[in-house]
Amino acid sequence: MTALSDILHLLITASLWQSVLALSALLLLPALGGVISERSGVVNIAMEGMMLTGAFFAVYADLHLHNPWLAALVAMFAGGLMALIHAVVSIRFRADQIVSGIAINIFAAGLTVFLVNRVYGLQDVGHINTSESLPNIALPGLSSIPFVGQVFFDQNVIVYVALILLVLTHIVLFRTRLGLRIRAVGEHPQAADTAGVNVFRLRYGAVITSGILSGLAGAYLAIGISNTFVPNMTDGRGYIALAAMIFGKWTPFGAFVACLIFGLGEAIYYNNSIIHASPYLLSALPYLLTLIVLAGVVGRSSPPAADGIPYVAGGE
Amino acid sequence: MGTGAVVARPRRRLPVIGRLVRGLAAPLGSVLFAFVVGGAIVFATGANPLDAYQGLLCGGVGLACAQGENSALQISNSIVYAIPLIMCGVSVALPFRAGLFNIGAEGQLLAGTMAATAVGVHFAEWPTVVLLPAVLISGAVAGALWAGIAGVLKATTGAHEVVTTIMLNYAAQWLLRYLIIGGPLQPPGEFSASAPIGSNARLPTFLPNDSAVIVFGLPATVYRVHTGLIIAIVAAAVFAVLLWRTSLGYEIRALGQSQKAARYAGVSMRRTIIVTMLIAGAFSGLAGAVQIAGVDHGMTDKYFSDTTGFDAIAVALLGLGSALGIVLAAVLFGALHSGGAVMQSDAGISSNLVLVLQALILFSIAANFLGAIVRQIPGVRGRRSAPPSGAPATALVTESATAPPDESAVST
Amino acid sequence: MRGITKAFPGVVANDHVDLEVRAGEIHALVGENGAGKTTLMNILYGLVHHDSGEILINGKPAKITGPRDAISLGIGMVHQHFMLIPVFTVGENIMLGREPVNGGFYDSARARKEIEALTHQYGLALDPEARTGDLPVGLQQRVEIVKVLYRGASILILDEPTGVLTPQETKELFNVLRDLVKSGKTIIFISHKLREVLEISDRITVMRRGTVVGHLVTKQTSEQEIATLMVGREVLLRVDKKPARPGPVTFRVDDLLANSDRGVPALRGVSFDLHEGEILGIAGVEGNGQSELLEVLAGTRRASGGRVMLGDKDVTTFDARTERDAGICHIPEDRRGAGLVLNFSIADNLVLGRQRAPAFSWRGMLLRLAAIKQWAVRLVNEFDIRAPSIAVPARALSGGNQQKIIVAREMASKPRVLLAAQPTRGVDIGAIEFIHRRLVAERDEGTAVLLVSAELDEIRSLSDRIAVLYEGRIVSIEPAGTAEERLGLLMTGGGTGTGAV
Amino acid sequence: GSTPSAGGTPSPTLKVGLVTDTGGLNDQSFNHLAAVGLAKAASTGTICSVGGLQCSGGLNVKGDVVESKTGDEYVPNLTNFATKGYDLVIGNGFLMQPAMGTVAKQFPNIKFAIVDGYCTDASFNDLKLSNCMDLLFKEQESGALVGAIAGLLEKAHKAPKNTNVIGAVGGVSIPPVNHYIAGYKWAAEMVDPGVKVLVGYSNDFNAADKCKGVANSQIGHGAEFIFQVAGGCGLGALQAAGQAKVYGFGVDADQKGADASVIASALKKVDVAVYTAIQAVVQSKFASGENRFSLQNDATGYQLDNPLSDGTQLPADIKAAVDKLAADIKSGAQTPPDTIPTT
Ligand SMILES: Nc1ncnc2c1ncn2[C@@H]1O[C@H](COP(=O)(O)OP(=O)(O)OP(=O)(O)O)[C@@H](O)[C@H]1O
Ligand SMILES: Nc1ncnc2c1ncn2[C@@H]1O[C@H](COP(=O)(O)OP(=O)(O)OP(=O)(O)O)[C@@H](O)[C@H]1O
Ligand SMILES: [Mg+2]
Ligand SMILES: [Mg+2]
């Protein structure tokens, strides 16, 4: 019971919600990527691997270039490259997209550590000093608004980016021609094709975009928060993002809500030093929370009609 | 002309063999492809691929051992790794047939280990004939229930199984930590481990449990390969029979192919979804119990870093969802796992290379790169700008391609 | 199109096909299922690439690598299986690919204007905001046509456009087509229904097994000639059947209520009796509840009220399997979706729904593989299902043979009641002839047959009594001989002064 | 392959195998330190060929290393070295105890050494094997010394905000971690009875972001000293300290470089322990059973790192007091507890 009151007290502190938002952003980026990819009809469970790859190359680049922005670009490029593999394998070669996704995740987990070993040997990968990491930016004026200021306007630069991308993704998907075509391709590629829409180009674009976003998330994790690379540091976040995407019924804002739930759970856990409960049961919180929400309110969610089905021009 | 004649004429055995050969060609080719590309990566990073593969070969199947490794031991290790992979692989493959993606094998396995440990510890003094089955069954039941949660949620509220099983994985991991750190399964003292299960709860190894006996130059106790192997093989067989020889299996496959058709055929979606997940979970839970009873004899923190359930997804996919394929894939992954360590200690090349290889194998089996390459060779029939729609792994969802050879008995 | 050849693994879909279409004519392309009509048109539309041969548009050789080329050449196609996105609005579906944008944003206002312009010009009323999936097929087809017109097509290909239409809808369509021709368009019209072909077309090209077997001028040919060319032998177009000898009532439907998938009432109190040894035809415009009616009777949809009695057994709440066990068999209208598992072998498909029946399953657990095989071999021969072996997946078969699998499965288990929905839709003459004979044979053996069909001809030629379904109610039950005009009237709500009978 | 190190040293006398726990060699923590110790002793072997570490060949042994990707690999990896007739097989980490026990029992004439534990049976009872050397640290000593620094600075009102709250971020709640924290809390409360000590766990030894999260929470609740006891993960905690302008304490190795906020590190010289074990075998002075590493043999202790926020060094009186405590502990006048005191 004391545990509960401890948590309730936390819920009214700005610092908690500040970290909730920060943690959600980390999940939001790959989740948005997933939404875009699957809306175009390509199942993407490879955000984990793309994130991890992004994380490694962000650190690698930052250590060499001493410039977080360039490093972030490199990370996005690396993530995009991983996505390109997924795209070629599942669009050009029409492989099972789940197999390909799993393969990407395994590939990234192995390759990053393998490279760490080859490049740094037994040495530390090294640390990014704060001056060379993606900065926290307290928006002048706004950030001094009590509570709200700390929660929304005193965050890492990537958090702002993620929130902008959230709105952007929603608008593009549901208000623009591009979005209309992406959704068409994901719902009924043949119809889109016969209407003169280039199915393959759109799918390639969507998948690669998902890789770029995941790579950016990796950069945020590696040179925005952790400031170093540790093997397997994404720690399943790509899968959580996947869950968030489905939980959110393949919509940007739906996914964001899910990310907030996970973020809240994790943020609460971080306070285990002042919550009187087994830290382990506390760790299970976000996941149990999700199960309950799923069982209760969310209910059936079905993907875009052609999600996961390779497109064969002319074939039935 | 009616095809009566065609149908009536009995088929020769040949096609079966042919089908087997064709069935194996793709996976073997993919492995080859993976090793070539993997070798290139190793070379690119300035190491010698041959050293690497010599280590892998030795650690995997006990061949070409350069530094006095014991071949028999390496094979034994590979098998020990393969055992849980087989059972979890089946546990992923079955729901796949019903159109369900079970990412939760890991959580179900952990549930199995927890239950098996609890039983094995609490009733340690029971006689083997009672205790061992009890341990295994409790593991299977726990796994089934853990997966059942996802099944029930799917069938009733429609909650997506991918989400729920991922959540259940994490829930299981943390529950496990709680149990052995400060929780009911932690014995007095500060150790993050359970008490050991009773000696009656242990699966016998194939070799006598006596370090005096020397086998292949090593004390018999060194070889850990245990009777869980039999359980795993049986599990794979059960899976095959269930899928291809039972009405339930028929309904599972029908549901996986077309919900509409399944409903038309009087298949109860709700029931089939739940039953499928229960059975799948039982396989993983059993795997967990077998690990406890056969290898670890107790639960430690190491299970927190366990990845069997995730590797199993790859195994199921590589095995193209067929029992034989899964067994072979599990053995391959077991060998790679065992080989990686030897490769690192012999050649100084990070054992993580095996993950890269596993991924490459998956890629090429899924995309059927070789098929594509072959098709590019002029004069090969059916040469197309695009590969055929039936790339092997796509066959996961397209029935007949994955029907086991004996399927030909059912249909001509 | 000259010497077009296209081979698919296993079949040569088009074998040196020549097709010449004159500007401003309606050219009919007829042929049995699998004759290669769709393939030929897909080639013309750039969806399928031909192995050899050449395409000339207005005398100029045309290089068509994809639909984009075809569209720019003024070719438009209304596909056999509609190319519409159910979750999109009518407007979005029409605009897709050539969307009006301002600054990258989809401009729905302009879309609406453009569509209204078109629909006025050709008198094809459509609501741009409606959700396409909610429209009746007739309107969906209209969307397809407007889609093509919006792309400024001068050559329109219509692949079996009337397959899903009622007589009224067909009449309307034909008027539209005639207007289009007047406004200078050229139309290629694919159909099985020879009477329609004769009514609408100027010239006819007949295909059989991938080759062209005849070019005909409509005015100078006859139904019989075309049919013979298509099938390659004499065919009789009428069903000849002895008058029914109805037995006692075996199946009684009483004030049945049910909702559609969208939760709106689809059946508003349907009642009728069905006697042994009779065929009761259900006539009605698509979407008046016939689909829901059969689904409820077959146990795949829950009734929200009323009773269904089989003999003296109440089967209202039975699900598909128990219904089947009770002797109610069902030929579903959705052949490829519900009636078959396309990736299952023919053998497996021939026991779909009977996977737990004692004949094929030991205690409902272990499949009796030998029995299944025997059964399959028997049916394949008995129903002349054309397939290399019973091991091949149903997907590999042509529409007609796929339908034969279902017919065989449902008839061979000696049903007491046979529910047949659109049993011959999109099936070639040979198969139609065959299926009709089997239906009558079933009747003569005492089975009570309930026949739902959008084809009035079929209803009229097979049924012993005809019930007309309108807005979820049986508005009238007519004798066999009733005139097409009267039925058409009843189907559209006319004829009877008041509601249900 | 293997590259001989500086100069033509005679071919190595002994073969030593090191097996890491699942943290891996790049854990920036004690697996890495163990590798350093082996490299110091080795003149050849994969430890030298992997690169990054200079093999100084101090004991002219062949040093091979293998990472354990999962806990399943402990036994096979140890067994492989044993079967290949290595003279000494070193297992690194508390979690490897049962595995060490199993393998050591099977190979009585091969020598084993384990860092942070014993060769135990499945229930972690020491098997007391004659061929197993247990390399144990009194982490609580090092913990106590940095704890004292924190407490004294609070007492002297030389802390950033003098909130009188300090924190420790542990990886997982296991003995080696809790020893540190026990000493830390004990000493801090001893020198400054009013101090409040927050203890949290990241449940992870790798994911730096998690330790950062826990640390930030503690800082949010007033903590102005963050003691990281979570290996690579803990680096995140130190950064949190840096960004919040409070002080951090490094762990195991001297972590001065990790962040400017690190004013001191609590040392646990795993490299020394590993080197010592190898030396014992080389000089055939192998002694099975407990080998305590403590202030006694200079394997624990503390190390002053970056200056205080005002740029000054740690006040002399405080440093003196800390050294006094160290001396008392060394002499046995003071004994920090190895379980976290419950205030
Ligand atoms: N087309 C569909 N798509 C997705 N879910 C469906 C569909 N049809 C039914 N369901 C869901 O599947 C579950 C089972 O429905 P179904 O009607 O098949 O059960 P049933 O056959 O009546 O089994 P029982 O009679 O034992 O309840 C229900 O939760 C239902 O909502
Ligand atoms: N994508 C494809 N792959 C393989 N075979 C195909 C494909 N498309 C068509 N076929 C085969 O080519 C032949 C001609 O098919 P097509 O659809 O053109 O016939 P059709 O005249 O349109 O028949 P229907 O009247 O049923 O539409 C058939 O045997 C069909 O099975
Ligand atoms: Mg066609
Ligand atoms: Mg029911």
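In case you missed it, the structure is sitting above this.
Since the structure is predicted, the reported quantities are computational estimates derived from the model, not experimental observations.

1. A look at helix 1 (residues 30-41) of chain D
- An ideal rise of 1.5 Å per residue puts 16 Å on twelve residues; helix 1 of chain D measures up with 17 Å between its terminal C-alpha atoms.
- Burial analysis of helix 1 of chain D places ten of its twelve residues in the buried class, the great majority of the element.

2. Examining the site of ligand 1
- Taken together, nine residues form the shell around ligand 1, and within it B:A155, B:R263, B:S268, B:R270 and B:R271 come nearest.
- Neighbouring residues of ligand 1 are not confined to one chain but are distributed across chains A, B and C.
- B:Q259 has a polar side-chain atom sitting 2.9 Å from a nitrogen atom of ligand 1.
- For ligand 1, an oxygen atom lies 3.1 Å from a polar atom in the side chain of C:R302.
- Look at ligand 1: alone it shows 620 Å² of surface, and the protein chains cover 66% of it.
- Elements supplying a minimum of two residues to the shell around ligand 1: helix 10 (259-264) and helix 11 (269-296) of chain B.
- A per-class count over the shell around ligand 1 returns two nonpolar, two polar and five charged.

3. Section: the interface of chain A and chain D
- Taken together, the 34 residues of chain A in the interface contact 37 residues of chain D.
- Both faces combined, the contact of chain A with chain D buries some 2900 Å², and carbon together with sulfur accounts for 50% of it.
- At the junction of chain A with chain D, the criterion picks out two salt bridges.
- Elements that contribute at least two residues to the side of chain A that touches chain D include exactly helix 5 (97-120), helix 10 (199-226), helix 12 (252-270) and helix 13 (279-298) of chain A.
- Looking at side-chain class alone, the side of chain A that touches chain D contains 16 nonpolar, 14 polar and four charged residues.

4. Remarks on a positive patch on the surface
- Together, B:R263, B:R270, B:R271 and C:R302 line one region of the surface with positive charge.
- Looking at where C:R302 falls in the secondary structure, it is placed in the loop between helix 9 (290-298) and strand 17 (305-310).
- Of the residues examined, C:R302 reaches a relative accessible area of 68% and is grouped as exposed.

5. As for the state of the cysteines
Residues and elements named next belong to chain D.
- The full count for this structure, using the stated rule, is four disulfides over all chains.
- Between the sulfur of C48 and that of C55 lies a disulfide, 2.1 Å long from S to S. Disulfide C48-C55: torsion about the S-S bond near -100°, hence left-handed. Here C48 matches C55 in class, with each residue buried.

6. Here's the deal with a nonpolar patch on the surface
- A contiguous nonpolar patch, built from A:L142, A:I145, A:F147, A:V148 and A:F152 and spanning about 410 Å² of accessible area, is present on the exposed surface.
- Owing to a relative accessible area of 42%, A:F152 belongs among the partly exposed residues under this scheme.

7. Considering the sheet that holds strand 4 (residues 52-54) of chain C
Residues and elements named next belong to chain C.
- Ordered in space as 2-1-4, the three strands form an open sheet in which the pairing is antiparallel. What marks the edges here is a single partner per strand, and that holds for strand 2 (11-17) and strand 4. Averaged over all adjacent pairs, the angle separating strand axes in this sheet is 20°, with direction ignored.
- Sheet topology note: the strand 1 (residues 2-8)/strand 2 ladder contains four bridges and is antiparallel. Residue pairing for strand 2: A7 is matched across the bridge by V12.

8. Structural notes on the arrangement of the chains
- A comparison of contact numbers over the five pairs of chains in contact places chains A and B at the top.
- Chain D makes no contact with chain C, the minimum C-alpha separation between the two being 39 Å.

9. Comments concerning the interface of chain B and chain A
- Taken together, the contact between chain B and chain A spans 55 residues of the former and 49 residues of the latter.
- Both faces combined, the contact of chain B with chain A buries some 4400 Å², and carbon together with sulfur accounts for 79% of it.
- Where chain B packs against chain A, one counts zero salt bridges.
- Seen at the junction of chain B and chain A, the total is two residue pairs in polar contact (both at pLDDT 80 or more).
- At the level of elements, helix 2 (14-44), helix 6 (128-156), helix 7 (161-180), helix 12 (308-318), helix 14 (353-367) and helix 15 (369-376) of chain B are the ones that each hand at least two residues to the side of chain B that touches chain A.
- If you tally residues by element for the side of chain B that touches chain A, the top one is helix 7 of chain B, at eleven residues.
- Looking at the side of chain B that touches chain A residue by residue, the classes come out as 39 nonpolar, 14 polar and two charged.

10. So, helix 6 (residues 175-191) of chain D
- Along its 17 residues, helix 6 of chain D runs 24 Å from first to last C-alpha, staying within 8% of the 24 Å computed at 1.5 Å per residue.
- The buried fraction of helix 6 of chain D is high, at 16 of 17 residues.

11. Topic: the pairing of strand 11 (residues 186-190) of chain C
Residue and element names in this part refer to chain C.
- Counting buried residues along strand 11, five of its five residues qualify, which places the element largely inside the surrounding structure.
- Here strand 11 shows two buried faces, one formed by T186, I188 and I190 and the other by I187 and F189.
- With four bridges joining them, strand 3 (residues 26-31) and strand 11 adopt parallel strand pairing. Residue pairing across strands places A28 opposite F189, the latter belonging to strand 11.
- Inspection of the sheet shows strand 10 (residues 155-159) paired to strand 11 by five bridges, in the parallel sense. Looking across to strand 11, one finds that I157 is bridged to I188.

12. Section: the packing of helix 3 (residues 47-65) of chain A against helix 11 (residues 237-247) of chain A
Residue and element names in this part refer to chain A.
- One way to put it is that helix 3 packs onto helix 11 with a least axis distance of 7 Å and a crossing angle of 135°. By the angle between their axes, helix 3 is oblique relative to helix 11. At the point where helix 3 passes helix 11, the crossing takes the right-handed sense. Residues M47, E48 and M51 of helix 3 pack against R237, G238, Y239, A241 and L242 of helix 11.
- For the contact of helix 3 with helix 11, a count of residues per class yields five nonpolar, one polar and two charged.

13. Here we look at the sheet that holds strand 7 (residues 75-78) of chain C
Residues and elements named next belong to chain C.
- Spatial ordering of the open sheet is given by 7-10-11-3-12-13, a layout of six strands whose pairing is mixed. The open sheet has two edge strands with one neighbour each: strand 7 and strand 13 (211-217). Across the sheet, the mean angle separating the axes of adjacent strands is 20° when strand polarity is ignored.
- Bridge count for strand 3 against strand 12 (residues 203-208) is five bridges, and the pairing is parallel. Bridge pairing in strand 12 links V30 to V206.
- Docked against the sheet, helix 5 (residues 137-150) engages strand 7 and strand 10, running at close to 170° with respect to strand 7.
- Contacts from helix 8 (residues 223-231) reach strand 3, strand 12 and strand 13, with the element oriented near 30° to strand 12.

14. Here we look at the site of ligand 2
- Taken together, the neighbourhood of ligand 2 is formed by 15 residues, with C:N33, C:G34, C:K37, C:T38 and C:T39 sitting nearest.
- With respect to ligand 2, its neighbouring residues span chains A and C.
- In the model, an oxygen atom of ligand 2 is placed 3.2 Å from a nitrogen or oxygen of the C:A35 main chain.
- Mapped onto the shell around ligand 2, the elements with two or more residues apiece are strand 2 and helix 1 (37-44) of chain C.
- Among the elements that take part in the shell around ligand 2, helix 1 of chain C stands out by supplying three residues, more than any other.
- Looking at side-chain class alone, the shell around ligand 2 contains four nonpolar, eight polar and three charged residues.

15. Points about the side chain of B:T227
Residue and element names in this part refer to chain B.
- When you line up the elements, T227 lands in the loop between strand 2 (218-219) and helix 8 (228-245).
- Overall, the relative accessible area of 16% leaves T227 in the buried class.
- At a separation of 2.8 Å, a polar atom in the side chain of T227 contacts the main-chain carbonyl oxygen of P204.
- Excluding its chain neighbours within four sequence positions, the residues that come into contact with T227 are L203, P204 and F206.

The rules we used
- Residues numbered from 1 in each chain as written.
- Chains lettered and ligands numbered in written order.
- Predicted model: local features only at pLDDT ≥ 70, side-chain atom pairs only at ≥ 80, totals over all residues.
- Heavy atoms only, no water.
- Helix = DSSP H or I, 4+ residues; strand = E, 2+ residues; numbered from the N terminus.
- Expected span 1.5 Å × (residues − 1).
- Buried < 20%, exposed > 50% of the residue type's maximum accessible area, 1.4 Å probe, protein only.
- Near = heavy atom within 4 Å.
- Polar contact = N/O pair within 3.5 Å; in protein donor to acceptor, adjacent residues only side chain to side chain.
- Areas by Shrake-Rupley, 256 points an atom, 1.4 Å probe, with all protein chains shown as cover.
- Nonpolar A, V, L, I, M, F, W, Y, C, P; charged D, E, K, R; others polar.
- Contact = heavy atoms within 4.5 Å.
- Buried area = accessible area lost by both parts, 1.4 Å probe.
- Salt bridge = Lys/Arg side-chain N within 4 Å of Asp/Glu carboxyl O.
- Patch = residues over 30% accessible without salt bridge, like charges linked within 9 Å, V, L, I, M, F, W, Y side chains within 5 Å.
- Lys, Arg positive; Asp, Glu negative; His and termini not counted.
- Charge placed at Lys NZ, Arg CZ, Asp CG, Glu CD.
- Disulfide = S-S within 2.5 Å.
- Pairing = 2+ DSSP bridges.
- Axes fitted to C-alpha atoms, helices over the stretch in contact; angles between N-to-C directions.
- Parallel < 35°, antiparallel > 145°, perpendicular 65-115°, else oblique.
- Left-handed = near helix turned anticlockwise from the far one by under 90°.

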